[in-house]
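# A closer look at the structure
If you want the building blocks of each chain, they are given just below.
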Amino acid sequence: MIELVELTKRYGQRLAVDGLSLTVRPGTVTGFLGPNGAGKSTTMRLIVGLEQPTRGTALINGKPYAALKRPLSEVGALLEAKAFHPGRKACHHLRWIAAAADVPAKRIDEVLELVGLTSAARRRAGAFSLGMAQRLGLAAALLAEPQVLILDEPANGLDPEGVNWIRQFMRGYAESGRTVLVSSHLLSEMAETADHLVVIGKGKLIADLPTQDFIRTATKRQVRVRAPEAGRLADLIRLADQQVERDEDGSLLVSGMEAAEVGRLAAQHAIELHELSPQTGSLEEAFLNVTQGASEYNTSPAHTDVTTAGVAGGNQS
Ligand SMILES: Nc1ncnc2c1ncn2[C@@H]1O[C@H](COP(=O)(O)OP(=O)(O)OP(=O)(O)O)[C@@H](O)[C@H]1O
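Residues numbered from 1 in each chain as written. Predicted model: local features only at pLDDT ≥ 70, side-chain atom pairs only at ≥ 80, totals over all residues. Heavy atoms only, no water.

### Observations concerning the UniProt feature "domain: ABC transporter" (unreviewed entry) in the protein chain
Feature annotation in UniProt places "domain: ABC transporter" (unreviewed entry) on residues 2-227, given in this structure's numbering. Annotation note: span residues 2-227, helix share 34%, strand share 28%, distance between end C-alpha atoms 51 Å. (UniProt positions renumbered as here; feature names shortened; annotations may be inferred. Helix = DSSP H or I, 4+ residues; strand = E, 2+ residues; numbered from the N terminus.)

What follows is the structure in structure tokens.
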């Protein structure tokens, strides 16, 4: 379990983490989300004692990192993919960590096998691709079979097989009763992996709740309806003071009513229905809704102005 109490980190004028209080529980994968610069990596570094808080505390299994007797068997962290000596072979990198953590050498082969790096064990880590470096970092984090796993963007650089593997792995790890905290910008991936979400913006807590609740509360709930007499049904819905819009494919998207209510209304007026389906929003939609205004680095809309773009002196005439 990880507990943060009023955790705060200031760098000069900048409050990177601002009074974060939350608990990351065992048995679940907790996704840690936030726009760029929100303070996710800083929070993770504070948890594992790589930074000192300006104020507040971070506890792992009830203790600050520095007070853990066998830190590597309590918490494994993958924070920086290329945190190894580039000239060292992968197996040698793991050997010194194993020695420091008092882990038997045979465990090195097990973790290399687990992350799919057995065939690269004797290659120099400096020549590894980003995906291979991530796998090696994960192998190091897992050496002492820690109770708590903290992963900062672990899917970064992984190929599709690797992304799928890490998702299954994190789920399995949490199901065995351990704690997993993982940050990621891959929201569709997070929607499938995380049971619970912590969302921060500008260092502050925005949301801390189960993934499905987060999506439900932060997105528009709609019901899609297909009916030959869509126009008549739309009029009845508006008469009931609810909102309805026509989608491009001719179906209706009703807001403010449950599917059963729309079905009842249609039945009362003998309107034939060809589809009646509640629409669930996406994690991406929910994330964008709640982090509006909490993002420091906003971009302009993603379209290209063809009248001026890419043409030096394009507005001369
Ligand atoms: N060592 C440091 N010195 C000064 N400022 C820092 C330092 N580390 C982080 N910051 C600042 O703290 C803020 C939070 O950064 P952090 O890397 O924790 O965000 P993040 O949520 O992990 O972002 P991203 O999604 O881009 O990785 C940023 O404004 C960053 O510039």
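### What to know about the sheet that holds strand β7 (residues 179-183)
Ordered in space as β5-β6-β7-β3-β8-β9, the six strands form an open sheet in which the pairing is mixed. Edge positions in the sheet fall to β5 (75-78) and β9 (204-210), since each of these pairs with one other strand and no more. Shown here is a sheet whose adjacent strand axes are inclined to one another by a mean of 15°, direction ignored. Across six bridges, strand β8 (residues 196-201) lies against β9 in antiparallel orientation. In the strand pairing of β9, I200 is matched with L205. (Pairing = 2+ DSSP bridges. Axes fitted to C-alpha atoms, helices over the stretch in contact; angles between N-to-C directions.)

### Considering the pattern of salt bridges
This structure, assessed with the given rule, holds 20 salt bridges. For E175, the salt bridge goes to R171, with nearest N and O atoms at 3.8 Å. Of this pair, E175 and R171 both sit in helix α6 (residues 160-175), four residues apart, which is roughly one turn of that helix. Taking the shortest distance from any N to any O, the salt bridge between D249 and R226 comes out at 3.2 Å. You can see D249 sitting in the loop between β11 (243-246) and β12 (252-255) and its partner R226 sitting in strand β10 (residues 222-226), a full 23 residues away along the chain. (Salt bridge = Lys/Arg side-chain N within 4 Å of Asp/Glu carboxyl O.)

### Overview of the packing of helix α3 (residues 90-101) against helix α5 (residues 130-142)
Contact geometry for α3 and α5: axes closest at 10 Å, N-to-C directions at 25°. With respect to α5, the axis of α3 lies roughly parallel. Crossing of α3 against α5: the hand is right-handed. Between α3 and α5, the residues in contact are A90, H93, L94 and I97 and L136, A139 and A140, respectively. Of the residues that constitute the contact of α3 with α5, the class distribution is six nonpolar, one polar and no charged. (Parallel < 35°, antiparallel > 145°, perpendicular 65-115°, else oblique. Left-handed = near helix turned anticlockwise from the far one by under 90°. Contact = heavy atoms within 4.5 Å. Nonpolar A, V, L, I, M, F, W, Y, C, P; charged D, E, K, R; others polar.)

### Quick notes on the layout of surface pockets
Roughly 480 Å³ of internal volume is contained in the largest pocket. As for the largest pocket, its lining consists of 20 residues, and the residues nearest its centre are L72, A77, A83, I97 and A140. For the lining of the largest pocket, the secondary structure elements donating two or more residues are β5, α3 and α5. Residue composition of the lining of the largest pocket, by class: 16 nonpolar, three polar and one charged. (1 Å grid on protein atoms, 1.4 Å probe; cavity = no way out; pocket = protein on both sides within 12 Å on 5 of 7 lines; lining within 4 Å. Points joined across faces, edges and corners; volume = space filled by probe spheres on them.)

### A closer look at empty space enclosed by the protein
One pass over the structure, following the stated rule, counts two cavities of 30 Å³ or more. Each pocket or cavity is described by its volume, and for the largest cavity that value is around 50 Å³. Looking at the largest cavity, the residues that line it are P154, A155, I166, R167, M170, V182, S183, S184, E189, M190 and T193. Those elements giving two or more residues to the lining of the largest cavity turn out to be α6, β7 and α7 (187-193). Class assignment of the residues belonging to the lining of the largest cavity gives a composition of six nonpolar, three polar and two charged. The computed volume of the second largest cavity comes to approximately 40 Å³. Residue lining of the second largest cavity: I2, L4, L22, V24, F32, T43, I47, L181 and V198, and that is the complete set. Mapped by element, the contributors of at least two residues to the lining of the second largest cavity are β1 (2-11), β2 (14-24) and α1 (40-47).

### A few points about the nonpolar core
Buried together is how nonpolar side chains tend to be arranged in soluble globular proteins. Among the nonpolar cores identified, the biggest contains 56 residues, and L94 and F214 are the most heavily contacted of them. In terms of residue count, the dominant contributor to this core is α5 (eight residues). Not counting the four nearest positions on each side in its chain, L94 is found in contact with I108, V111, L112, L136, A139, A140 and L143. (Core = buried A, V, L, I, M, F, W, Y, C linked by side-chain atoms within 4.5 Å. Buried < 20%, exposed > 50% of the residue type's maximum accessible area, 1.4 Å probe, protein only.)

### Focus on α6
With 16 residues, α6 should cover 22 Å at 1.5 Å per step; its first-to-last C-alpha distance of 23 Å lies within 8% of that length. Its buried side turned inward, α6 meets β3 (29-33), α4 (106-114), α5, β6 (148-152), β7 and α7. (Expected span 1.5 Å × (residues − 1).)

### Concerning the packing of aromatic side chains
For the structure on display, the rule yields two aromatic pairs. With centroids separated by 5.4 Å and ring planes inclined at 35°, the aromatic side chains of F169 and Y173 adopt a geometry described as tilted. Placement of the pair is F169 and Y173 together in helix α6, with a separation of four residues, close to one helical turn. When sorted by exposure, F169 lands in the same class as Y173, which is buried. Through a chain of ring-to-ring contacts, three or more aromatic side chains come together here, namely W165, F169 and Y173. Sitting over the face of the ring of Y173, R178 holds its NZ or CZ atom 4.1 Å from the ring centroid. (Phe/Tyr/Trp six-rings, centres within 6.5 Å; stacked < 30°, edge-to-face > 60°. Lys NZ or Arg CZ within 6 Å of the ring centre and 35° of its normal.)

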